Amino acid sequence: MDLHDDARSLQDELVRLRRDLHREPEIGLDLPRTQERVLRELDGLGLEVSTGTDTTSVTAVLRGEGTARDSARPRTVLLRADMDALPVAEATGLDFAATNGAMHACGHDLHTTSLVGAARLLHTHRDRLNGDVVLMFQPGEEGWDGAGVMLREGVLDAAGRRADAAYGLHVFSSMLPSGQFASRPGTLMSASYRLLVTVHGEGGHGSMPHRAKDPISATAAMITALQTMVTRRLDIFDPAVITVGVIRGGTKRNVIPATAEFEATVRCFSDATGALLDPAIRETIDGVARAHGVNADVVFESEYPVTVTDVDETAFGAEVVRETIGEQYYTELPNPVAGSEDFSRVLAEVPGTFLGLGALMPGLEPDTAPNNHSPYADFDPSVLSRAATVYAELAVRRLDRFAEGATR
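Residues numbered from 1 in each chain as written. Predicted model: local features only at pLDDT ≥ 70, side-chain atom pairs only at ≥ 80, totals over all residues. Heavy atoms only, no water.

Taking an unreviewed UniProt entry as the reference, the chain is identified by name as Hippurate hydrolase belonging to Amycolatopsis keratiniphila.

Draft legend 1. Local environment of the pattern of salt bridges. Applying the stated criterion across every chain, the model contains 34 salt bridges. Here Arg194 and Glu263 are joined by a salt bridge, their closest N and O atoms 3.5 Å apart. Of this pair, Arg194 sits in strand β8 (residues 191-200) while Glu263 sits in strand β12 (residues 259-268), and the two are 69 residues apart along the sequence. A salt bridge links Glu261 to Arg248; the shortest N-O distance between them is 2.6 Å. Separated by 13 residues along the polypeptide, Glu261 in strand β12 and Arg248 in strand β10 (residues 240-249) bring together distant segments of the chain. When its relative accessible area of 36% is taken as the criterion, Arg248 is described as partly exposed. (Salt bridge = Lys/Arg side-chain N within 4 Å of Asp/Glu carboxyl O. Helix = DSSP H or I, 4+ residues; strand = E, 2+ residues; numbered from the N terminus. Buried < 20%, exposed > 50% of the residue type's maximum accessible area, 1.4 Å probe, protein only.)

Draft legend 2. Examining the UniProt feature "binding site: Mn(2+)" (unreviewed entry) in the chain more closely. Cross-referencing UniProt, the feature "binding site: Mn(2+)" (unreviewed entry) maps to Cys106, His108, Glu142, His170 and His373 in the present numbering. Maximum C-alpha separation among the annotated residues is 13.1 Å over a sequence range of 268 residues, consistent with a single clustered spot. Its location among the elements puts Glu142 in the loop between β4 (132-138) and α5 (146-152). On the secondary structure map, His170 appears in strand β5 (residues 165-172). (UniProt positions renumbered as here; feature names shortened; annotations may be inferred.)

Draft legend 3. Quick look at the domain arrangement of the chain. Partitioning the chain into structural domains gives domain 1 (3-188 + 306-404) and domain 2 (191-304). The C-alpha centroid of domain 2 is placed 37 Å from the C-alpha centroid of domain 1. Opposite the 17 residues of domain 1 that make contact, domain 2 presents nine residues. Interface of domain 1 and domain 2: buried area, both sides summed, is about 850 Å²; carbon and sulfur atoms make up 56% of it. When the buried surface of domain 1 facing domain 2 is broken down by residue, Val306, Ala338 and Ser340 rank first, second and third, together holding 56% of it. (Domains from an automatic or database assignment. Contact = heavy atoms within 4.5 Å. Buried area = accessible area lost by both parts, 1.4 Å probe.)

Right, here's the structure in full:
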(Lines give C-alpha, C1' and ligand atoms only; values in the text may rest on other atoms or scores of the structure.)
Protein backbone atom coordinates (compact mmCIF):
# COMPACT_ATOMS: atom_id res chain seq x y z
CA MET A 1 0.00 0.00 0.00
CA ASP A 2 1.95 3.02 -1.27
CA LEU A 3 -0.09 5.94 -0.04
CA HIS A 4 2.55 8.44 -1.15
CA ASP A 5 2.21 7.40 -4.80
CA ASP A 6 -1.57 7.68 -4.52
CA ALA A 7 -1.24 11.09 -2.87
CA ARG A 8 1.01 12.36 -5.63
CA SER A 9 -1.69 11.42 -8.14
CA LEU A 10 -4.08 13.71 -6.20
CA GLN A 11 -1.67 16.68 -6.16
CA ASP A 12 -3.32 18.70 -8.93
CA GLU A 13 -6.76 18.29 -7.34
CA LEU A 14 -5.40 19.28 -3.95
CA VAL A 15 -3.78 22.41 -5.39
CA ARG A 16 -7.11 23.45 -6.94
CA LEU A 17 -8.97 22.87 -3.68
CA ARG A 18 -6.39 24.83 -1.70
CA ARG A 19 -6.66 27.77 -4.09
CA ASP A 20 -10.45 27.77 -3.83
CA LEU A 21 -10.29 27.77 -0.03
CA HIS A 22 -7.67 30.50 -0.10
CA ARG A 23 -9.85 32.79 -2.21
CA GLU A 24 -12.68 32.75 0.32
CA PRO A 25 -11.21 32.84 3.85
CA GLU A 26 -13.56 32.98 6.83
CA ILE A 27 -12.82 33.98 10.41
CA GLY A 28 -13.78 32.53 13.76
CA LEU A 29 -16.27 29.81 14.59
CA ASP A 30 -18.72 30.53 11.77
CA LEU A 31 -17.29 29.32 8.44
CA PRO A 32 -20.35 28.40 6.37
CA ARG A 33 -18.73 28.45 2.92
CA THR A 34 -15.70 26.51 4.10
CA GLN A 35 -17.91 23.94 5.82
CA GLU A 36 -20.02 23.57 2.69
CA ARG A 37 -16.93 22.98 0.55
CA VAL A 38 -15.50 20.39 2.93
CA LEU A 39 -18.81 18.54 3.01
CA ARG A 40 -18.88 18.54 -0.78
CA GLU A 41 -15.33 17.18 -0.96
CA LEU A 42 -16.15 14.36 1.47
CA ASP A 43 -19.38 13.39 -0.25
CA GLY A 44 -19.30 9.92 -1.73
CA LEU A 45 -16.55 8.59 0.52
CA GLY A 46 -18.93 6.58 2.68
CA LEU A 47 -18.16 8.57 5.82
CA GLU A 48 -20.40 9.10 8.83
CA VAL A 49 -20.55 12.90 8.80
CA SER A 50 -21.85 15.26 11.46
CA THR A 51 -21.67 19.02 11.86
CA GLY A 52 -21.31 21.19 14.94
CA THR A 53 -24.08 22.90 16.85
CA ASP A 54 -22.13 25.85 18.25
CA THR A 55 -19.67 26.05 15.38
CA THR A 56 -19.49 25.12 11.70
CA SER A 57 -17.27 22.12 12.36
CA VAL A 58 -17.24 18.91 10.35
CA THR A 59 -16.62 15.54 11.97
CA ALA A 60 -16.34 12.52 9.70
CA VAL A 61 -15.87 8.90 10.77
CA LEU A 62 -14.31 6.40 8.40
CA ARG A 63 -14.92 2.77 9.36
CA GLY A 64 -12.03 0.53 8.46
CA GLU A 65 -12.63 -2.86 6.90
CA GLY A 66 -9.31 -4.55 7.62
CA THR A 67 -9.26 -8.23 8.47
CA ALA A 68 -7.42 -7.54 11.73
CA ARG A 69 -10.08 -5.10 12.91
CA ASP A 70 -11.17 -6.04 16.42
CA SER A 71 -14.95 -6.07 16.14
CA ALA A 72 -15.37 -6.12 19.92
CA ARG A 73 -13.46 -2.89 20.36
CA PRO A 74 -12.03 -1.45 17.16
CA ARG A 75 -9.42 1.17 17.88
CA THR A 76 -9.78 4.78 16.74
CA VAL A 77 -7.32 7.40 15.52
CA LEU A 78 -8.24 11.09 15.25
CA LEU A 79 -6.74 13.40 12.60
CA ARG A 80 -7.29 17.14 12.94
CA ALA A 81 -7.14 20.10 10.55
CA ASP A 82 -8.13 23.68 11.40
CA MET A 83 -10.05 25.70 8.78
CA ASP A 84 -10.25 29.36 9.88
CA ALA A 85 -8.37 32.38 8.59
CA LEU A 86 -7.12 35.65 10.10
CA PRO A 87 -8.34 39.29 9.94
CA VAL A 88 -5.36 40.20 7.75
CA ALA A 89 -5.59 42.04 4.42
CA GLU A 90 -3.64 39.89 1.98
CA ALA A 91 -0.69 41.52 0.19
CA THR A 92 0.85 38.50 -1.58
CA GLY A 93 -0.29 39.51 -5.06
CA LEU A 94 -1.27 35.91 -5.85
CA ASP A 95 -3.81 35.45 -8.62
CA PHE A 96 -5.97 33.57 -6.11
CA ALA A 97 -5.42 36.05 -3.25
CA ALA A 98 -8.33 36.85 -0.95
CA THR A 99 -9.99 40.22 -1.37
CA ASN A 100 -12.45 40.27 1.54
CA GLY A 101 -10.10 41.63 4.21
CA ALA A 102 -9.33 38.19 5.63
CA MET A 103 -6.46 35.87 4.75
CA HIS A 104 -5.27 32.30 5.20
CA ALA A 105 -2.02 33.76 6.53
CA CYS A 106 -1.39 30.76 8.79
CA GLY A 107 -1.84 28.04 6.19
CA HIS A 108 -5.06 26.51 7.48
CA ASP A 109 -6.25 26.21 3.88
CA LEU A 110 -3.38 23.76 3.34
CA HIS A 111 -4.31 21.85 6.50
CA THR A 112 -7.92 21.45 5.40
CA THR A 113 -6.90 20.42 1.89
CA SER A 114 -4.37 17.89 3.19
CA LEU A 115 -6.91 16.23 5.46
CA VAL A 116 -9.40 16.01 2.59
CA GLY A 117 -6.61 14.30 0.64
CA ALA A 118 -6.01 11.90 3.53
CA ALA A 119 -9.72 11.10 3.65
CA ARG A 120 -9.60 10.07 0.00
CA LEU A 121 -6.50 7.95 0.53
CA LEU A 122 -7.98 6.20 3.55
CA HIS A 123 -11.27 5.60 1.75
CA THR A 124 -9.43 3.99 -1.15
CA HIS A 125 -7.54 1.68 1.22
CA ARG A 126 -10.26 1.14 3.83
CA ASP A 127 -10.01 -2.64 3.29
CA ARG A 128 -6.57 -2.43 4.88
CA LEU A 129 -7.60 -0.12 7.70
CA ASN A 130 -7.66 -2.04 10.99
CA GLY A 131 -9.90 0.34 12.92
CA ASP A 132 -11.70 3.64 12.58
CA VAL A 133 -10.53 7.16 11.79
CA VAL A 134 -12.15 10.39 13.00
CA LEU A 135 -11.51 13.37 10.72
CA MET A 136 -11.76 16.60 12.74
CA PHE A 137 -12.26 19.69 10.58
CA GLN A 138 -12.13 22.52 13.12
CA PRO A 139 -13.09 26.20 12.92
CA GLY A 140 -11.88 28.88 15.29
CA GLU A 141 -8.28 27.96 16.08
CA GLU A 142 -7.11 31.57 15.83
CA GLY A 143 -8.16 32.68 19.30
CA TRP A 144 -11.68 31.24 19.35
CA ASP A 145 -10.94 27.90 21.03
CA GLY A 146 -12.67 25.88 18.35
CA ALA A 147 -11.02 22.71 19.64
CA GLY A 148 -12.59 23.30 23.05
CA VAL A 149 -16.00 23.68 21.41
CA MET A 150 -15.58 20.47 19.43
CA LEU A 151 -14.43 18.60 22.54
CA ARG A 152 -17.56 19.71 24.37
CA GLU A 153 -19.62 18.51 21.43
CA GLY A 154 -18.02 15.06 21.63
CA VAL A 155 -15.51 14.87 18.79
CA LEU A 156 -13.27 12.50 20.76
CA ASP A 157 -16.14 9.99 21.00
CA ALA A 158 -17.48 10.46 17.46
CA ALA A 159 -16.69 6.85 16.51
CA GLY A 160 -18.72 5.57 19.45
CA ARG A 161 -15.81 5.34 21.87
CA ARG A 162 -12.89 7.50 22.93
CA ALA A 163 -10.14 8.02 20.37
CA ASP A 164 -6.97 6.10 21.21
CA ALA A 165 -4.51 8.46 19.52
CA ALA A 166 -4.65 11.92 17.92
CA TYR A 167 -2.45 13.71 15.40
CA GLY A 168 -2.31 17.23 14.01
CA LEU A 169 -0.12 19.07 11.54
CA HIS A 170 0.83 22.70 10.90
CA VAL A 171 2.59 24.32 7.94
CA PHE A 172 5.09 27.16 8.22
CA SER A 173 5.95 29.74 5.56
CA SER A 174 9.39 30.27 7.12
CA MET A 175 11.73 28.64 9.66
CA LEU A 176 11.79 25.20 7.96
CA PRO A 177 12.79 24.16 4.42
CA SER A 178 9.89 23.09 2.25
CA GLY A 179 8.84 19.50 2.88
CA GLN A 180 10.71 19.25 6.19
CA PHE A 181 8.74 17.88 9.15
CA ALA A 182 9.65 18.76 12.73
CA SER A 183 8.44 18.18 16.26
CA ARG A 184 9.74 17.35 19.71
CA PRO A 185 8.63 15.17 22.63
CA GLY A 186 7.10 16.89 25.65
CA THR A 187 6.59 20.65 25.64
CA LEU A 188 6.21 21.70 22.01
CA MET A 189 4.32 25.00 22.09
CA SER A 190 3.56 27.65 24.68
CA ALA A 191 0.47 28.39 26.68
CA SER A 192 -1.19 31.69 25.84
CA TYR A 193 -3.00 34.28 27.94
CA ARG A 194 -4.78 37.54 27.19
CA LEU A 195 -3.91 40.61 29.26
CA LEU A 196 -6.10 43.73 29.23
CA VAL A 197 -5.20 46.70 31.45
CA THR A 198 -7.40 49.78 31.78
CA VAL A 199 -5.78 52.74 33.51
CA HIS A 200 -8.05 55.31 35.16
CA GLY A 201 -6.62 58.78 35.79
CA GLU A 202 -7.95 62.33 35.66
CA GLY A 203 -8.03 64.26 32.41
CA GLY A 204 -6.67 67.74 31.93
CA HIS A 205 -4.75 70.16 29.73
CA GLY A 206 -1.55 68.92 28.16
CA SER A 207 0.29 72.05 29.25
CA MET A 208 -0.48 71.45 32.94
CA PRO A 209 0.05 67.73 33.65
CA HIS A 210 0.49 68.48 37.35
CA ARG A 211 -3.22 69.36 37.45
CA ALA A 212 -4.19 65.97 36.07
CA LYS A 213 -3.39 62.31 36.64
CA ASP A 214 -1.97 61.16 33.35
CA PRO A 215 -2.95 57.58 32.38
CA ILE A 216 -0.78 57.74 29.23
CA SER A 217 2.52 58.09 31.06
CA ALA A 218 1.39 55.48 33.59
CA THR A 219 0.55 53.09 30.76
CA ALA A 220 3.98 53.58 29.21
CA ALA A 221 5.65 52.88 32.55
CA MET A 222 3.54 49.76 33.07
CA ILE A 223 4.53 48.33 29.69
CA THR A 224 8.21 48.89 30.44
CA ALA A 225 7.88 47.49 33.96
CA LEU A 226 6.28 44.28 32.67
CA GLN A 227 9.31 43.62 30.46
CA THR A 228 11.56 43.96 33.50
CA MET A 229 9.24 41.81 35.61
CA VAL A 230 9.56 38.73 33.38
CA THR A 231 13.35 38.85 33.69
CA ARG A 232 13.37 39.37 37.48
CA ARG A 233 10.41 37.40 38.81
CA LEU A 234 10.61 34.31 36.59
CA ASP A 235 13.22 31.59 36.07
CA ILE A 236 15.20 32.37 32.91
CA PHE A 237 15.17 28.62 32.12
CA ASP A 238 11.36 28.59 32.25
CA PRO A 239 10.63 31.95 30.67
CA ALA A 240 7.59 33.98 29.65
CA VAL A 241 7.02 36.47 26.85
CA ILE A 242 4.79 39.54 27.14
CA THR A 243 4.09 41.42 23.93
CA VAL A 244 1.83 44.48 23.92
CA GLY A 245 0.01 44.62 20.62
CA VAL A 246 -2.62 47.29 21.32
CA ILE A 247 -2.47 50.70 23.05
CA ARG A 248 -5.52 52.95 23.20
CA GLY A 249 -5.83 56.37 24.78
CA GLY A 250 -6.40 60.02 24.04
CA THR A 251 -8.14 62.07 21.37
CA LYS A 252 -5.86 65.10 20.84
CA ARG A 253 -2.20 65.82 21.44
CA ASN A 254 -2.81 68.58 24.02
CA VAL A 255 -5.50 66.73 25.99
CA ILE A 256 -4.64 64.39 28.85
CA PRO A 257 -7.35 61.71 28.74
CA ALA A 258 -9.13 60.23 31.73
CA THR A 259 -8.38 56.65 30.69
CA ALA A 260 -5.99 54.60 28.61
CA GLU A 261 -5.65 50.88 28.04
CA PHE A 262 -3.41 48.28 26.52
CA GLU A 263 -3.68 44.64 25.50
CA ALA A 264 -0.95 42.05 25.44
CA THR A 265 -0.41 38.41 24.60
CA VAL A 266 1.45 36.46 27.28
CA ARG A 267 3.20 33.15 26.56
CA CYS A 268 4.92 30.60 28.79
CA PHE A 269 6.00 26.98 28.60
CA SER A 270 4.90 25.42 31.89
CA ASP A 271 1.98 25.40 34.29
CA ALA A 272 4.40 26.43 37.06
CA THR A 273 5.30 29.68 35.35
CA GLY A 274 1.69 30.17 34.31
CA ALA A 275 0.66 30.11 37.97
CA LEU A 276 3.20 32.85 38.78
CA LEU A 277 2.19 35.20 35.99
CA ASP A 278 -1.19 36.41 37.21
CA PRO A 279 -0.07 37.65 40.65
CA ALA A 280 3.25 39.00 39.32
CA ILE A 281 1.51 41.00 36.59
CA ARG A 282 -1.08 42.40 38.99
CA GLU A 283 1.53 43.40 41.56
CA THR A 284 3.62 45.13 38.89
CA ILE A 285 0.66 47.03 37.44
CA ASP A 286 -0.61 48.00 40.89
CA GLY A 287 2.80 49.27 41.97
CA VAL A 288 3.22 51.48 38.92
CA ALA A 289 -0.35 52.74 39.23
CA ARG A 290 0.18 53.81 42.84
CA ALA A 291 3.43 55.56 41.91
CA HIS A 292 1.55 57.59 39.28
CA GLY A 293 -1.52 58.27 41.40
CA VAL A 294 -3.86 56.34 39.08
CA ASN A 295 -5.92 53.17 39.32
CA ALA A 296 -5.79 50.15 37.02
CA ASP A 297 -8.18 47.31 36.22
CA VAL A 298 -6.46 44.10 35.14
CA VAL A 299 -8.03 41.27 33.17
CA PHE A 300 -5.82 38.21 32.80
CA GLU A 301 -7.43 35.30 30.96
CA SER A 302 -6.13 31.89 29.99
CA GLU A 303 -6.57 31.09 26.30
CA TYR A 304 -4.75 27.87 25.36
CA PRO A 305 -2.71 25.53 27.58
CA VAL A 306 0.81 24.35 26.86
CA THR A 307 0.96 21.93 23.92
CA VAL A 308 2.55 18.76 25.27
CA THR A 309 3.19 15.85 22.91
CA ASP A 310 3.34 12.24 24.00
CA VAL A 311 6.94 10.96 23.95
CA ASP A 312 6.13 7.62 22.33
CA GLU A 313 3.66 9.06 19.84
CA THR A 314 6.17 11.71 18.79
CA ALA A 315 8.77 9.01 18.19
CA PHE A 316 6.14 7.15 16.17
CA GLY A 317 5.37 10.27 14.13
CA ALA A 318 9.06 10.75 13.38
CA GLU A 319 9.31 7.12 12.31
CA VAL A 320 6.33 7.50 9.96
CA VAL A 321 7.88 10.55 8.28
CA ARG A 322 11.30 8.96 7.94
CA GLU A 323 9.98 5.70 6.51
CA THR A 324 7.35 7.27 4.26
CA ILE A 325 8.89 10.52 3.07
CA GLY A 326 12.59 10.01 3.76
CA GLU A 327 15.07 9.84 6.61
CA GLN A 328 16.30 13.38 5.95
CA TYR A 329 12.83 14.94 6.11
CA TYR A 330 12.37 14.82 9.88
CA THR A 331 14.05 17.15 12.37
CA GLU A 332 13.70 17.16 16.13
CA LEU A 333 13.31 20.72 17.38
CA PRO A 334 15.83 21.66 20.09
CA ASN A 335 13.44 24.08 21.80
CA PRO A 336 9.71 24.65 22.09
CA VAL A 337 7.94 27.14 19.81
CA ALA A 338 6.42 30.26 21.37
CA GLY A 339 3.24 30.00 19.29
CA SER A 340 0.15 28.44 20.87
CA GLU A 341 -2.39 25.90 19.67
CA ASP A 342 -5.82 24.76 20.81
CA PHE A 343 -4.91 21.25 19.63
CA SER A 344 -3.22 21.26 23.03
CA ARG A 345 -6.67 20.50 24.45
CA VAL A 346 -6.91 17.32 22.38
CA LEU A 347 -3.42 16.19 23.38
CA ALA A 348 -4.32 16.75 27.04
CA GLU A 349 -7.07 14.14 26.61
CA VAL A 350 -5.61 11.66 24.13
CA PRO A 351 -2.00 10.50 23.52
CA GLY A 352 -0.70 11.96 20.29
CA THR A 353 1.64 14.39 18.65
CA PHE A 354 1.73 17.54 16.52
CA LEU A 355 4.00 17.93 13.50
CA GLY A 356 5.32 21.09 11.91
CA LEU A 357 5.81 21.06 8.14
CA GLY A 358 7.94 23.53 6.23
CA ALA A 359 6.15 25.11 3.26
CA LEU A 360 8.84 27.65 2.34
CA MET A 361 8.34 29.06 -1.14
CA PRO A 362 11.13 28.36 -3.65
CA GLY A 363 13.83 31.01 -3.74
CA LEU A 364 13.26 32.19 -0.17
CA GLU A 365 15.38 31.62 2.94
CA PRO A 366 13.88 30.12 6.13
CA ASP A 367 15.25 32.92 8.35
CA THR A 368 14.02 35.82 6.22
CA ALA A 369 10.83 34.66 4.48
CA PRO A 370 7.54 36.29 5.62
CA ASN A 371 6.33 34.46 8.68
CA ASN A 372 2.93 32.95 9.41
CA HIS A 373 0.37 35.75 10.08
CA SER A 374 2.18 38.16 7.75
CA PRO A 375 0.08 39.68 4.93
CA TYR A 376 2.92 38.55 2.65
CA ALA A 377 3.03 34.94 3.89
CA ASP A 378 2.87 32.40 1.09
CA PHE A 379 3.06 28.61 1.29
CA ASP A 380 4.55 26.09 -1.10
CA PRO A 381 1.66 23.98 -2.45
CA SER A 382 4.00 21.12 -3.36
CA VAL A 383 3.79 19.94 0.26
CA LEU A 384 0.08 19.08 -0.02
CA SER A 385 0.51 15.50 -1.21
CA ARG A 386 3.25 14.96 1.36
CA ALA A 387 1.01 16.23 4.17
CA ALA A 388 -1.91 14.08 3.00
CA THR A 389 0.40 11.05 2.94
CA VAL A 390 1.63 11.60 6.49
CA TYR A 391 -1.88 12.18 7.84
CA ALA A 392 -3.03 8.90 6.27
CA GLU A 393 0.06 6.92 7.21
CA LEU A 394 -0.23 7.98 10.84
CA ALA A 395 -3.73 6.52 10.95
CA VAL A 396 -2.94 3.33 9.01
CA ARG A 397 0.24 2.47 10.89
CA ARG A 398 -1.11 3.31 14.33
CA LEU A 399 -4.18 1.12 13.74
CA ASP A 400 -1.90 -1.65 12.45
CA ARG A 401 0.10 -1.49 15.66
CA PHE A 402 -3.02 -1.54 17.78
CA ALA A 403 -4.17 -4.60 15.85
CA GLU A 404 -0.80 -6.26 16.39
CA GLY A 405 -1.20 -5.71 20.11
CA ALA A 406 1.61 -3.11 20.30
CA THR A 407 1.58 -1.19 23.54
CA ARG A 408 2.61 2.36 24.21
